Amino acid sequence: KPEPKPEPKPEPKPEPKPESKPQPKAAVSSAPAKPETKPEPVKAKVAVAPAPKPEPIVPPPVAKPKPKPKPAVTKPAPPPATRPEPAAAKPAPPQKHTPQTFVSSIKGLAGDAATTENNVYTFELPSLGETTTLAFWATGRNSLDSYGKVWLITPEGHRVIVGIWKESYLDKPSTEVFSYYNLKPIAENISRKVTTPGTYKVEFDWTNGKDPLVIYRVEITS
């Protein structure tokens, strides 16, 4: 067998040298050269101490006012129990006046001066109504021929005529009469003459005729 030929060894390559770049030339200025100026000496800085900061004025603490204690609320004592006053009584309505009749049953005789007896009748009127009436029962003694006037005397003493009698007013002579029931009354309204309570008098005054007037009964109703 043929022997293998030895492989040839590679020759070492030379190391490449670094290329040197050409340095640029300094530019030459055509302007005149400025004179050199010496630098001014640096002044030493003087250290200035900072001014002390004013301390803030702190106001003294103000004492808070203590809250006033609230006054104790006391409930008012209940008023003493009082009995309710009775309601005022209403005034009673005015009572209606009840007519009253005042009577005189004294038998009288009204004639001339010789035959006149008990011819004045007195009445005490404590109160008056709206209407006041005078009534009398009388007649002639032996006939109906008798005439006269009836007078009213007031508490003030005034004398006023309130009626008359005459023959036509009479019923029968007294010789036929046993009581005033047998006669018709003669009535007169005397309200205008009786104005105030008090004492009133009724007087029978004979003026003419053959016979005097015999009076059985006299009434005033008011």
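To be clear, the structure that these remarks concern was listed above.
Predicted model only: the values in this text are computed from it and were never measured. (Residues numbered from 1 in each chain as written. Predicted model: local features only at pLDDT ≥ 70, side-chain atom pairs only at ≥ 80, totals over all residues. Heavy atoms only, no water.)

**Quick notes on the packing of aromatic side chains**
Evaluation of the coordinates by the stated rule reveals 5 aromatic pairs. With a centroid separation of 5.1 Å and 75° between ring planes, the pair formed by Phe-136 and Phe-204 is classed as edge-to-face. A residue pair is termed long-range when its members are at least 10 positions apart, and Phe-136 in strand β4 (residues 133-140) and Phe-204 in strand β8 (residues 198-209) qualify at 68 residues. A single burial state applies to Phe-136 and to Phe-204, both of which are buried. Each ring, one from Trp-137 and one from Tyr-180, has its centre 5.4 Å from the other, and the planes form 75°; the classification is edge-to-face. With Trp-137 in strand β4 and Tyr-180 in the loop between β6 (159-165) and β7 (186-189), this pair connects stretches of sequence that are 43 residues apart. Pair check on accessibility: Trp-137 and Tyr-180 agree, each one buried. The ring of Trp-151 has Arg-159 lying over it, and the distance from NZ or CZ to the ring centre is 4.3 Å. Across the ring face of Trp-137, the terminal group of Arg-217 is positioned such that the distance to the ring centre comes to 5.9 Å. (Phe/Tyr/Trp six-rings, centres within 6.5 Å; stacked < 30°, edge-to-face > 60°. Helix = DSSP H or I, 4+ residues; strand = E, 2+ residues; numbered from the N terminus. Buried < 20%, exposed > 50% of the residue type's maximum accessible area, 1.4 Å probe, protein only. Lys NZ or Arg CZ within 6 Å of the ring centre and 35° of its normal.)

**Quick look at the side chain of Glu-219**
Looking at the element boundaries, Glu-219 is found in strand β9 (residues 213-221). Relative accessible area serves as the criterion here: at 15%, Glu-219 is assigned to the buried category. A distance of 2.7 Å separates a polar atom in the side chain of Glu-219 from a polar atom in the side chain of Arg-217. With sequence-adjacent residues up to four places away left out, Glu-219 is seen in contact with Thr-101, Phe-102, Val-103, Phe-123, Thr-133, Leu-134, Ala-135 and Trp-137. (Polar contact = N/O pair within 3.5 Å; in protein donor to acceptor, adjacent residues only side chain to side chain. Contact = heavy atoms within 4.5 Å.)

**Quick notes on the side chain of Thr-132**
Mapped onto the elements of the fold, Thr-132 is located in the loop between β3 (120-125) and β4. According to the relative accessible area criterion, Thr-132 is buried, its value standing at 1%. For Thr-132, the side chain forms a polar contact with the side chain of Ser-222, separated by 2.9 Å. With residues up to four places along the chain from it excluded, the contact list for Thr-132 reads Glu-188, Asn-189, Ile-190, Ser-191, Val-194, Ile-220, Thr-221 and Ser-222.

**Re the pattern of salt bridges**
A complete count under the given rule lists 2 salt bridges for this structure. Glu-203 is the partner of Arg-159 in a salt bridge, and the nearest nitrogen-oxygen pair spans 2.8 Å. Here Glu-203 lies in strand β8 and Arg-159 lies in strand β6, a separation of 44 residues in the sequence. Looking at Arg-159, the relative accessible area reads 41%, which means it is partly exposed. Judged by its relative accessible area of 16%, Glu-203 is buried. Here Glu-219 makes a salt bridge to Arg-217, at a shortest N to O gap of 2.7 Å. The two residues Glu-219 and Arg-217 agree in class, both being buried. (Salt bridge = Lys/Arg side-chain N within 4 Å of Asp/Glu carboxyl O.)

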